[in-house]
Amino acid sequence: MRVSRALSELPGVEAAMVAMATDLNVSILREMGFGVPETDPGDLLIAVRAKDPDAAAEEAERRLTEVDRPGTGSDEQPPLTTRSAAARGPADLVLVSTPGEYAFFEALDAIEAGLPVMIFSDGVTVAQERRLKELAEARDVLVMGPDCGTAAIGGAGLGFANVLTPGPVGVVSASGTGAQQVTCLLDRAGAGVSHVLGVGGRDLSAEVGGLSAARALRMLDEDPATELIVLVSKPPAPEVARAVLGQRLRTPVVPVLLGTPALAQAGGLAPAGDLTQAAEQALRALGRPVPEWPSWPAPPGTRPAPKRIRGLYSGGTLGTEAALVAGQGDFVDYGDDAYTRGRAHPMIDPTLRAEALARAGERDVVLMDVVLGHGADPDPAASLAPAVAGTPATVVIALIGTEGDPQDLHRQAAAFREAGAAVFTSNAQAARHARSLV
């Protein structure tokens, strides 16, 4: 996907895609106007429409072959399965990032080898997820995912991961970007994080039953480095939320179950109405001061008064929170499976959101997130700030990141503000500001 994007940005290239010849990718290429020869799914396709297609194809080959492939140091046959790899040497965790139709079997191998597993892949069915988590319960291991985009284990970030200072707060999250918002605010306040255990966005559904969330809470409860836990979820199934919150734990828990504050209260635990409130309640519980969350107002302008909010989000939970806080508007989650099949996640590839900005009208407030950290776009402002400057809409950005992230939070904020946007480090505050403009 990175090679495809790099080729697309070359001078004289109209369209480019480098991908395996799966049925989905072949159909995408045909929709792009390419004639596709007879292939099988194991073939690599390099499709280029350019003034000099041979030069572009040579550049594709150069980029594909420059990837570092460290040797094993011996002539020993590399392991062919997850289980055989786990049997060869010590391992603490298996990370699965394959197409969804294969992810289930790799995760099954990991669990049967007695190892916890993080499933970054989406495309695993609900029935398969339930089966994996039931087996994990029997084997006394944790399943993070499927579609677990973020985790941090003892300071090691997995998936999309911000640079976080160590601290006393553990996070259990059925939301990748929700966890990132809470932990970035805690990091800003100097509280720090012990572990972030993602459980997949469907874990607290009725079908899955909160199996991983309940286990993750118990694991953090037993962790001596964790003094307080934050539980993050999009709207859960009520009966599942009650069961998960009804566990007996020694460690205080701050739940933020978006859209269901009454459920959190029913569990006997202080609820938080949004992700920012969850971070603030955690700080108060730890006896720490709550700071002012940084924001950068938009430069003065004379645009017409907006009439509606359009949410263009890369994080599903951030989009859900913004819609709840704003109380109005049309919101699109560009990180949803419908938009990521065959292309990079919008936290990596800004193309679809840049196109949506171009379609926005002068009476729109465009509310959007920009998420920093390892795994995300190395310089999101380079692509999105010109789109912000070029749109007639009023733009409000929730910039999710920490001082330690490689993209440089302050440089990103300055670039977006210079392009005309108002920038907030709190998504909830960004949504309230957008609401105030309409």
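Refer to the structure printed above.
Residues numbered from 1 in each chain as written. Predicted model: local features only at pLDDT ≥ 70, side-chain atom pairs only at ≥ 80, totals over all residues. Heavy atoms only, no water.

## Some points on the pairing of strand β8 (residues 166-174)
Along β8, 8 of the 9 residues are buried, which leaves the element largely enclosed by surrounding structure. One ladder, built from 5 bridges, connects β8 with strand β9 (residues 193-198); its direction is parallel. In the sheet register, Val172 faces β9, and the bridge partner there is Leu197. What joins β8 to β9 is helix α7 (residues 176-188), and the crossover it makes is right-handed. For β8 and strand β10 (residues 228-233), the ladder comprises 6 bridges, and the chain directions are parallel. Bridge assignment links Ser173 to a residue of β10, and that residue is Val232. (Buried < 20%, exposed > 50% of the residue type's maximum accessible area, 1.4 Å probe, protein only. Helix = DSSP H or I, 4+ residues; strand = E, 2+ residues; numbered from the N terminus. Pairing = 2+ DSSP bridges. Right-handed = clockwise from strand over helix to strand, strands pointing away.)

## A short note on the packing of helix α14 (residues 351-359) against helix α15 (residues 380-390)
Two elements in contact, α14 and α15, have axes separated by 9 Å at closest approach and are oriented at 10°. Looking at the two axes, α14 sits roughly parallel to α15. Counting all contacts with α14, which are made through Arg353, Ala354 and Leu357, the residues of α15 involved are Leu384, Ala387 and Val388. Within the contact of α14 with α15, the residues separate by chemical class into 5 nonpolar, no polar and 1 charged. (Axes fitted to C-alpha atoms, helices over the stretch in contact; angles between N-to-C directions. Parallel < 35°, antiparallel > 145°, perpendicular 65-115°, else oblique. Contact = heavy atoms within 4.5 Å. Nonpolar A, V, L, I, M, F, W, Y, C, P; charged D, E, K, R; others polar.)

## Concerning the nonpolar core
Soluble, globular proteins show a tendency: their nonpolar side chains are buried together. In this structure, Leu186, Val230, Val232, Val256, Leu367 and Val396 are the most contacted members of the largest nonpolar core, which totals 46 residues. Residue contacts for Val256: discarding those within four places in its chain leaves Val230, Leu231, Val232, Ser233, Ala272, Asp274, Leu275 and Ala278. (Core = buried A, V, L, I, M, F, W, Y, C linked by side-chain atoms within 4.5 Å.)

## Structural notes on the sheet that holds strand β3 (residues 94-96)
Within a sheet, adjacent strands bond to each other through the backbone by hydrogen bonds, running parallel or antiparallel. Pairing in this open sheet of 3 strands is parallel, and the strands run β3-β4-β5 from one edge to the other. The sheet terminates laterally at β3 and β5 (143-144), the two strands that pair on one side only. On the sheet, helix α5 (residues 100-112) packs against β3, β4 (117-119) and β5 and is oriented at approximately 170° with respect to β4.

## Re the sheet that holds strand β12 (residues 295-296)
Here we have 6 strands laid out as an open sheet, ordered β12-β17-β16-β15-β13-β14, and mixed in their pairing. In the strand order of this sheet, the two ends are held by β12 and β14 (330-333), each with one partner. Bridge count between strand β15 (residues 364-371) and strand β16 (residues 394-400): 7 bridges; the pairing is parallel. Counted as the bridge partner of Val366 is Val395 from β16.

## Structural notes on the packing of helix α6 (residues 126-139) against helix α8 (residues 211-221)
α8 packs onto α6 with a crossing angle of 35° between their chain directions and a minimal axis gap of 9 Å. Across the interface between the two elements, Arg130, Lys133, Glu134, Ala136 and Glu137 from α6 touch Leu211, Ser212, Arg215 and Arg218 from α8. For the contact of α6 with α8, the class distribution of residues is 2 nonpolar, 1 polar and 6 charged.

## Let's talk about the pattern of salt bridges
Enumeration over the complete set of coordinates arrives at 20 salt bridges. Between Asp364 and Arg308 there is a salt bridge, and its shortest N-O distance comes to 2.6 Å. Highlighted residues: Asp364 in strand β15 and Arg308 in strand β13 (residues 308-313), separated in sequence by 56 residues. Note on Arg308: relative accessible area 38%, which makes it partly exposed. Put simply, Arg310 and Asp364 hold a salt bridge, and the shortest N to O gap is 4.0 Å. (Salt bridge = Lys/Arg side-chain N within 4 Å of Asp/Glu carboxyl O.)

Honestly, that's just the spatial picture; any functional story needs more than this.
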